[in-house]
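Analysis of the macromolecular model
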There are 2 protein chains.
Amino acid sequence: MSDSASAPVPRRPGGDPPDSPGSVGMTCARTLQLATGQNPFALEMGGSVGPIHVEYETYGELSPGRDNVILITHALSGDAHVAGWDADAKKTGRLWRLKHPGWWDDIVGPGKAIDTSRYFVLCANFLGSCYGTTGPMSDNPATGRPYGLSFPVVTVGDWVQLQARLLDALGIDRVHTVVGGSLGGQQALEWALAFPHRVERAIVLAASPRLSAQGLAFNAVGRQAIMKDPHFHDGDYYAIAQPNHGLAVARMMAHITYLSEEGMHEKFGRRRRRQQRSGFGVEFEVESYLDHQGRSFVERFDANSYLYITRAMDYYDAAAKWGQGDLVQACRRIRSQVMVVSFSSDWLYTPAQCREFALALCRAHKPVTYVNVPSRFGHDAFLVENQTVGHLLHHFLKTPPPGSS
Amino acid sequence: MSDSASAPVPRRPGGDPPDSPGSVGMTCARTLQLATGQNPFALEMGGSVGPIHVEYETYGELSPGRDNVILITHALSGDAHVAGWDADAKKTGRLWRLKHPGWWDDIVGPGKAIDTSRYFVLCANFLGSCYGTTGPMSDNPATGRPYGLSFPVVTVGDWVQLQARLLDALGIDRVHTVVGGSLGGQQALEWALAFPHRVERAIVLAASPRLSAQGLAFNAVGRQAIMKDPHFHDGDYYAIAQPNHGLAVARMMAHITYLSEEGMHEKFGRRRRRQQRSGFGVEFEVESYLDHQGRSFVERFDANSYLYITRAMDYYDAAAKWGQGDLVQACRRIRSQVMVVSFSSDWLYTPAQCREFALALCRAHKPVTYVNVPSRFGHDAFLVENQTVGHLLHHFLKTPPPGSS
């Protein structure tokens, strides 16, 4: 990894050290087997997977009434390690976690917006992930070798069904709140649609009920970059070299979509790292930033997982699945309080798309809180605008459950 | 090439057959040597090139007073073949030209907005191009082998200087109008700045005085896709396989930036080519479109040229070059009538950037016509909104030259 002079930005500020009163401290992931070879897990698009092991983390204590559960659903490159410091980072070789706490450490912890001294917080790696839950890197029991592309297509719906199975296994019937951003926000929505009676509150950050044509296009090009990498070998690359070049290009491109034009202008402009011209190497600050993002990503992510997860993102369409194409009809299923938060400069899941979703909830006569947060951080804002997001979460978590008055 | 069911769109409508009264007919490119090995052409960033051969096309007749010259400057993937049908397409192996007339055939021809029965129209391939003018594909006289990356860095300024040398060779002192879109628009601006007394009118379509940080970012990722292709071989690939995968990925990504989100939504939405899921192959219409664009581009473009041209695009900064960073100061040099045309949904060279340029001209007390054309076609609009663009050109060409009272 290049120790780039231009630190990767925007990023959440710091996070608490493990011994701080605001940190959940050192964390240990747990793993639960939720399907077996004999009793595999049936998938939305057909086929099944078994065995399935799910890696998850929890923070805080489950209340005696089991009514204080906050389920967090993670995004494309996220994982179950939401807060605190991974005690097993060295053992599992996830060395990047030595440098940073969990991805939402500013939001989740004792006394924070998602207060772990009050709530039992849970996050599970989704199916197809490369962070412990069964995925294309896992051994296919039929061959004894990694699945690669023989892993079946998974969907946002599958992730939610498997999370429900995890809750069942933990003896949790209802969740106080399900909350996620981006692809995590689509899972939060899917929870409210698939299990209306198990979700009291759903918080959808920087996500809409389906990806735009432009979003589909970016995902398609990212996958092409991976699949055209000669090291890809039809996904059967685990024993040899990884398609890191393709994965880095996909990630660099994706990062452009996570920032806004104005945010990039402000942060990098046309500034150069060095004045002399370098031909086609890294010269502008923005090139250095993207180069760093590409390099660091390939150290921590699996190219096949990237394919499966972006395809799940492509396929998700709440209106098609639950309302025969009509989003209002789909929303009629919902029994949760819903908060939708968009960010003004997000052009991946735009404010217009989020507003359309909020309006569909209104038209379905469902309670909805919609906030468009002014921000220059683009799609990344849901991980950066922590003060505003924390404030919104803190207050929304106090909303009485539907039908309580 | 896949005969994609989803025709590549948006595209200009048709163009005239060679025997139509609106067509310039069959065209033959000419080539002129403008620098020799003994007298090489000095470059803005240092170094020199020689010999240089420039391929260009002309339409119409030069008036006895040599006062009817319209110089067209082409964009990234464009060429000197602006209008009509290439008589030499088979001979030169440019077979794609058998299917389409020149890239601005709807605008340039007898009786059209740029009326070749009235004007002498000229367009030259720029230095570094892969369409006949000397570039990285050409033989380096020092080695007898293609330049590859030993070709020096070229700039928008170099292109304009070389075009001036071409005009000198043709005995043309002043141009009635210089006009171009996108990277061609930046050349039109550079003409007005570098040769204020040789340009009566400059028309800048879908271009601004410099690329944004986001634009730099997209170019950087496109180049990375090419340079990380294992067939790239540091640019020395001509005798062997080409880095077509990387070039295709770069082009696919670039095409996303040429369309607008709304245009993509309207044209493709989330429609599928086939209902059954295809894993990671082409499934959505928008994937088919991008796939087609990638495939067809590698048949007609050179990866090294892509690197050089995008870098020239990165480097161009009119304010830095001509105004010590102050765009108004730079604009004070201009002696031409200037028209700036932006397109409402263009997010590569945004209306805001174009407006800023127009305002700088105003502040420099220079005559300027600024139009923001409402369009859903994004950056591509300058090649698609032919009726509006034609109308604007037709009228602006009649503007009296500066100082004519």
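Cut-offs and rules
Residues numbered from 1 in each chain as written. Chains lettered and ligands numbered in written order. Predicted model: local features only at pLDDT ≥ 70, side-chain atom pairs only at ≥ 80, totals over all residues. Heavy atoms only, no water. Helix = DSSP H or I, 4+ residues; strand = E, 2+ residues; numbered from the N terminus. Rg over C-alpha atoms; globule rule 2.2 N^0.38 Å. Buried < 20%, exposed > 50% of the residue type's maximum accessible area, 1.4 Å probe, protein only. Contact = heavy atoms within 4.5 Å. Areas by Shrake-Rupley, 256 points an atom, 1.4 Å probe, with all protein chains shown as cover. Lys, Arg positive; Asp, Glu negative; His and termini not counted. Charge placed at Lys NZ, Arg CZ, Asp CG, Glu CD. Buried area = accessible area lost by both parts, 1.4 Å probe. Polar contact = N/O pair within 3.5 Å; in protein donor to acceptor, adjacent residues only side chain to side chain. Expected span 1.5 Å × (residues − 1). Pairing = 2+ DSSP bridges. Axes fitted to C-alpha atoms, helices over the stretch in contact; angles between N-to-C directions. Salt bridge = Lys/Arg side-chain N within 4 Å of Asp/Glu carboxyl O. Right-handed = clockwise from strand over helix to strand, strands pointing away. Least-squares fit on C-alpha atoms with pLDDT ≥ 70 in both.

This brings us to the overall build of chain A. Secondary structure assignment for chain A yields 13 helices and 16 strands. Taken over the C-alpha trace, chain A has a radius of gyration of 20 Å; the compact-globule value for 405 residues is 22 Å, and the two agree within 12%. Across the 405 residues that make up chain A, the buried fraction comes to 63%. Put simply, of all contacts in chain A between residues at least 6 apart along the chain, 74% involve residues at least 24 apart. Just so you have it, chain A exposes about 14800 Å², and 50% of that area is on carbon and sulfur atoms. Computing the positive centroid from 39 side-chain charges and the negative centroid from 39, chain A places the two 3 Å apart.

Every contact between the two is made by 52 residues of chain B and, on the other side, 52 residues of chain A. Per-residue buried area on chain B facing chain A is highest for Lys228, Arg270 and Phe280 of chain B; these three make up 19% of the total on that side. Here chain B is connected to chain A by 19 residue pairs in polar contact (both at pLDDT 80 or more). Those elements that place two or more of their residues in the side of chain B that touches chain A are helix H4 (213–227), helix H5 (244–258), helix H6 (261–267), helix H7 (285–300) and helix H8 (303–315) of chain B.

Below, the discussion takes up H8 of chain B. With 13 residues, H8 of chain B should cover 18 Å at 1.5 Å per step; its first-to-last C-alpha distance of 19 Å lies within 8% of that length. Within H8 of chain B, 13 of the 13 residues are buried, which leaves the element mostly enclosed by the surrounding structure.

Turning our attention to the sheet that holds strand S15 (residues 337–343) of chain B. Residue and element names in this part refer to chain B. If you trace the eight strands from one edge of the open sheet to the other, you get S2-S5-S10-S6-S13-S14-S15-S16, paired in mixed fashion. The two strands at the open ends of the sheet, each matched to only one other strand, are strand S2 (30–35) and strand S16 (368–373). Each adjacent strand pair in this sheet contributes to an overall mean axis angle of 20°, direction not counted. Strand direction decides the pairing type here: S2 and strand S5 (residues 52–59), joined by five bridges, are antiparallel. Across the sheet, residue Gln33 finds its bridge partner in S5, namely His53.

Our next topic: the pattern of salt bridges. Summed over the entire model, instances satisfying the criterion amount to 46 salt bridges over all chains. Note that Asp16 of chain A is salt-bridged to Lys112 of chain A, the shortest N-O span being 2.4 Å. Separated by 96 residues along the polypeptide, Asp16 of chain A in the segment before strand S1 (26–27) and Lys112 of chain A in the loop between strand S8 (108–109) and strand S9 (114–115) bring together distant segments of the chain. A salt bridge links Arg270 of chain B to Asp317 of chain A, with the shortest nitrogen-to-oxygen separation between them at 3.5 Å. Here Arg270 of chain B is found in the loop between H6 and H7, whereas its partner Asp317 of chain A is found in the loop between helix H8 (303–315) and helix H9 (318–323) on a different chain. When sorted by exposure, Arg270 of chain B lands in the same class as Asp317 of chain A, which is buried.

Residues and elements named next belong to chain B. Among the five residues that make up strand S14 (residues 201–205), five are buried, leaving the element largely enclosed by the rest of the structure. Residues Arg201, Ile203 and Leu205 line one face of S14 and the alternating positions Ala202 and Val204 line the opposite face, and both faces are buried. Bridge count for strand S13 (residues 177–181) against S14 is four bridges, and the pairing is parallel. Its bridge partner being in S14, Val179 is matched across the sheet by Ile203. For the segment spanning S13, helix H3 (residues 183–194) and S14, crossover handedness is right-handed. For S14 and S15, the ladder comprises five bridges, and the chain directions are parallel.

So, on to the relation of the copies chain B and chain A. The two copies are related by a screw motion: chain B maps onto chain A through a turn of 180° and a shift of 0.0 Å along the axis, at an RMSD of 0.0 Å. Those values place the two copies in the arrangement expected of a two-fold rotation axis. When the interface residues of chain B are mapped onto chain A, 100% of them again lie at the interface, so the same face is used by both copies.

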